[in-house]
Amino acid sequence: MKKILVLLVALAVTGLAEISACTNFIVTKGASADGSTMITYSADSYWLYGSLSHYPAAKHAQGEKRQIRDWDSGKILGEIDEVAETYNVIGNMNEWQLTIGETTYGGREELVDSTGLIDYGSLIYVTLQRAKNAREAIHTMVNLVEKYGYYSEGESFSVVDPNECWILEMIGKGVGNKGAVWVARMIPDGYISGHANQARITTFPLKGKSTISSKNLKKIYDKNVTTVYAADVISFARSKGYFNGKDEEFSFSDTYNPLDFSGVRICDARVWAFFNRFNPKIGKQYLSYIECKTKERMPLWIMPDRKLTLEDMRISMRDHYEGTPLDMSKGMGTGGFGSVYRATPLFYKSGDGRDYYHERPTATQQTGFTFIAQMRSWMPREIGGIFWFGVDDATCNVYMPLYCCMTKVPESLSPETAHLLKFSWNSAFWVNNWVAQMVYNRYNDLMPELRERQKDFEFKMEEETRHMDKAMTEVLADNRNQVIDMANEFAMRNAKDALMQWRELGEYLMVKYVDGVEKGMERGRFMQNDQHIPGKVIRNGYTKEYIDQFLVKPNPERFRQLTKEEMDQRK
């Protein structure tokens, strides 16, 4: 089937740290305030234009093929057999509310199979078109790589439906060994989990009624099964010399993606921040691990100290370690305007050649697109899934609601509107970036204004979604097509509203803060006379910390004002 309205793929492929720095957070039904399952995802890359993908439902003739392109590079990898029926997919969610996210951990480089036909991106989107729930998705993903070979590096996948949340971790076997080794685990209800470019599954049960190997893969549909693994996941490791201990000591992560400094501080730290926010005791317990002082790894999942809301997930996706020892809003790295952002690259050298790094938070400037998927088991499946979608950095964007049954992509989110090398005022990606660039340069002045607009829009969207839920439910029993039309119209209206509000916000910020000052406001309007001359201009200047550290301390006399007495004493 021809891929319709695909995401514009990466323009180039470079190192892992540059193209695969993504983040997933996962919430089970029992851990959410409303009983929904939730998953978040940020697709972070300097080469990714943020847009919304759509694959329409279709019927296919026997013998029909579909082309596979590598999601990162656009390279054609080959063709695979099509199936008789494929489902409607909007973004990373299909019409059955199944959602799949990922983060790349890379792992052992020699295990990449350059002859494989299925890359990680294709594995996600092909599976979403073929599977109805998480267990069926895992079955499908494993079968696809076994039949056609796995092309990509090591991946952690979040596979979530309205009732269950799974993590599947996979890595290839190298050229000449078709397929992959993998482990999948279901997160217990009432718990939360996450992964961020470091494999997270360590040891796992090998026997018992809740565990099966791929030799009995058809038993994955048994609800008692909560762990599934490739039959050769340990024996393959032994054959490569990666592992020589007892089977029960085998750790997938430590074997196929051994921890290094980056894996702990750059990757696992993002998961730690998520855990710390919703269970500070756990955060305190594992802070020493994140600081690379102790070796005990964080658990794969934890129980939060309260139920998580949609707003909690938005806040988590906008995290820069605020309020923790890793806080990016503190220190001289914030510059003169209290910024939580740092210049790239992530790793750098000092003048004497020593190696240093910047913290890598969940929210980052190079995000192409981000989402919060919400799957609601108590709702009709056509409208149970809400795909809260945003483009560019989550810190400065807005999440807009898209129902899983919608079949049209708004113009502002379409890859046909613009691309990474073509600015457009009709592109949400470019308008969001335009606003964000202003905020980055005057963070402590502009960010509070953006945050207020952001909250107003998103809380309004939550309220409107509640009204749409009711209206669409009343119509659904009699006219499914009308519900799809309603979902499409709702998405078009909200996407247009978000675009216009952010364009207006950018214009407002430009006027208010042009030339490094701030124009005074009164009752929500600029202070001005009848000739539009500003009544007040505020010069906020640099932060006190920046002034002391970088302007005064290096040469205390260089910029010091002379007193009247000193002026009088001049020769």
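1. Some points on the pattern of salt bridges
Per the counting criterion, the structure on display carries 33 salt bridges. The salt bridge partner of aspartate 44 is arginine 360, with a shortest N-O separation of 2.7 Å. Remark: arginine 360 occurs in the loop between strand 19 (355-357) and strand 20 (367-375) and aspartate 44 occurs in strand 2 (residues 37-44); sequence separation between them is 316 residues. For the residue pair aspartate 44 and arginine 360, the accessibility class agrees, reading buried in each case. Here the residues in one salt-bridge network are Glu311, Arg314, Arg318, Glu458 and Glu462, joined through shared partners.

2. Overview of helix 12 (residues 480-513)
For helix 12, built from 34 residues, the straight-helix expectation of 50 Å at 1.5 Å per residue is met to within 8% by its first-to-last C-alpha distance of 49 Å. The N-terminus of helix 12 is capped by asparagine 479, whose side-chain oxygen sits 3.3 Å from the backbone nitrogen of asparagine 481. Positive phi appears at aspartate 515, one or two residues downstream of helix 12, with a value of about 65 degrees.

3. Concerning the nonpolar core
Judged by nonpolar contacts, the single largest core of 165 residues is most densely connected at Phe157, Val159, Val233, Tyr256 and Phe369. By residue number, the principal contributor to this core is helix 12, which donates 14 residues.

4. Observations regarding the packing of aromatic side chains
The tally for this structure, following the rule as stated, stands at 33 aromatic pairs. Centre to centre, the rings of phenylalanine 243 and phenylalanine 250 are 5.2 Å apart; their planes meet at 85 degrees, and the pair counts as edge-to-face. Across the pair, exposure class does not vary: phenylalanine 243 and phenylalanine 250 are buried alike. The residue whose ring lies beneath arginine 314 is phenylalanine 459, and the NZ or CZ to ring-centre distance is 5.5 Å. Between arginine 453 and the ring centre of tyrosine 508, over which it is positioned, the NZ or CZ distance is 5.2 Å.

5. Quick look at the packing of helix 10 (residues 428-441) against helix 12
Where helix 10 contacts helix 12, the two axes come as close as 9 Å, and the packing angle between them is 30 degrees. Compared by their axis directions, helix 10 and helix 12 come out roughly parallel. Where helix 10 crosses over helix 12, the handedness of that crossing is left-handed. Facing helix 10, whose interface residues are Ala428, Val431, Asn432, Trp434, Val435, Met438 and Val439, helix 12 presents Leu499, Trp502, Arg503, Leu505, Gly506, Glu507, Leu509 and Met510. Looking at the contact of helix 10 with helix 12 residue by residue, the class counts come to eleven nonpolar, two polar and two charged.

6. Here we look at the environment of phenylalanine 274
With respect to the helices and strands, phenylalanine 274 occurs in helix 6 (residues 261-278). Overall, the relative accessible area of 2% leaves phenylalanine 274 in the buried class. Along the backbone, phenylalanine 274 and serine 316 are 42 residues apart, and their C-alpha atoms lie at a distance of 6.4 Å. Sequence-distant contacts of phenylalanine 274, that is, excluding residues within four places in its chain, are made with Phe25, Ile26, Val27, Ile192, Ser193, Leu308, Met313 and Ser316.

The rules behind each value
Residues numbered from 1 in each chain as written. Predicted model: local features only at pLDDT ≥ 70, side-chain atom pairs only at ≥ 80, totals over all residues. Heavy atoms only, no water. Salt bridge = Lys/Arg side-chain N within 4 Å of Asp/Glu carboxyl O. Helix = DSSP H or I, 4+ residues; strand = E, 2+ residues; numbered from the N terminus. Buried < 20%, exposed > 50% of the residue type's maximum accessible area, 1.4 Å probe, protein only. Expected span 1.5 Å × (residues − 1). Polar contact = N/O pair within 3.5 Å; in protein donor to acceptor, adjacent residues only side chain to side chain. Core = buried A, V, L, I, M, F, W, Y, C linked by side-chain atoms within 4.5 Å. Phe/Tyr/Trp six-rings, centres within 6.5 Å; stacked < 30°, edge-to-face > 60°. Lys NZ or Arg CZ within 6 Å of the ring centre and 35° of its normal. Axes fitted to C-alpha atoms, helices over the stretch in contact; angles between N-to-C directions. Parallel < 35°, antiparallel > 145°, perpendicular 65-115°, else oblique. Left-handed = near helix turned anticlockwise from the far one by under 90°. Contact = heavy atoms within 4.5 Å. Nonpolar A, V, L, I, M, F, W, Y, C, P; charged D, E, K, R; others polar.

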